[in-house]
Amino acid sequence: MGPTASADHLGLILRVEPLAAHHELAGFRCGVDELDEWLDVHARTATGHGTRTYLVIDEDERVVGYFAVAPHTIDRDDLSRRSGRGSPRQIPAILLAKLALAEELHGRRLGGELLVTALRVIVGAARRAGGKFVVVDAIDGAAAAFYAHHDFEPMPENPHRLTRKLSTVAKAIGEPWP
C-alpha cells in the first residue's frame, strides 16, 4: 500500500488516499473509541489546522484504516543522550499522530503494512521539508509495544512517546535519504 496506490493483500483490494470531502467516516470502527471518534469528529478540522489524514479504502469504498501526520518538534532534552547528541534544542520532526485499522482487519498483519505506508509518506515529506525524527504518542501499552516492535525507542520520561530517526526509517523501508 502506498499513498493513492492500490494493493491486493490477502484477497483484499485496498488503496490509500488523502482525506477528501466525499469520504464517509462515520462507520469506521477500530476497537478504540478515541481513535474512532477522532476520525469521525475531528479529522476534517485537524486537516484545516495542518494535520494530514490518509485513509485506507477497500473495494466497497469503505474506510478500513487511516493515519494522520503533522509537522512537529521535540526537545533535545527529552531524548536519550545518544539520540539527542549534536542536535539543536528544538529538533524538527514529523508526528505520526494517529494510526488505526478496522477491527475486521485485525490479526492479518496489516497494521505493520499500514505503518510502513505511513512511514513512506513521512519520509517523503521530510525529504522535502526537513526533519530528523518520527514521533509517535502511543494511545496505550499495546500500541507502545507495537511501535517498539517496529524499532521505535521510548523517550526516557514517557514510555508512550516513541521516536525513530528518519534516516533509519528511510533505510529500513528502502527509500532514499535525504
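Residues numbered from 1 in each chain as written. Predicted model: local features only at pLDDT ≥ 70, side-chain atom pairs only at ≥ 80, totals over all residues. Heavy atoms only, no water.

(A) Fine view of the environment of D75. Checked against the element boundaries, D75 lands in strand β4 (residues 63–75). Judged by its relative accessible area of 22%, D75 is partly exposed. Leave out the neighbours within four places in its chain, and D75 touches R89 and Q90. Looking at D75, its side chain comes within polar contact range of the main-chain nitrogen of D77, at 2.9 Å. (Helix = DSSP H or I, 4+ residues; strand = E, 2+ residues; numbered from the N terminus. Buried < 20%, exposed > 50% of the residue type's maximum accessible area, 1.4 Å probe, protein only. Contact = heavy atoms within 4.5 Å. Polar contact = N/O pair within 3.5 Å; in protein donor to acceptor, adjacent residues only side chain to side chain.)

(B) Quick look at the packing of aromatic side chains. Here the structure, examined in full by the defined rule, presents five aromatic pairs. Aromatic pair Y54 and F67: ring centres 5.1 Å apart, planes at 15 degrees, arrangement stacked. Of this pair, Y54 sits in strand β3 (residues 52–58) while F67 sits in strand β4, and the two are 13 residues apart along the sequence. Summarising the burial analysis for this pair, Y54 and F67 share the class buried. (Phe/Tyr/Trp six-rings, centres within 6.5 Å; stacked < 30°, edge-to-face > 60°.)

(C) Here's a closer look at unusual backbone geometry. In this model, W177 is joined to P178 through a cis peptide bond whose omega is -10 degrees. Along the polypeptide, P178 turns up in the segment after α5 (166–172). Although it is not a glycine, E61 sits at a positive phi angle of roughly 65 degrees. Tracing the backbone through its elements, the reader meets E61 in the loop between β3 and β4.

Distances and angles like these do not, on their own, reveal function.
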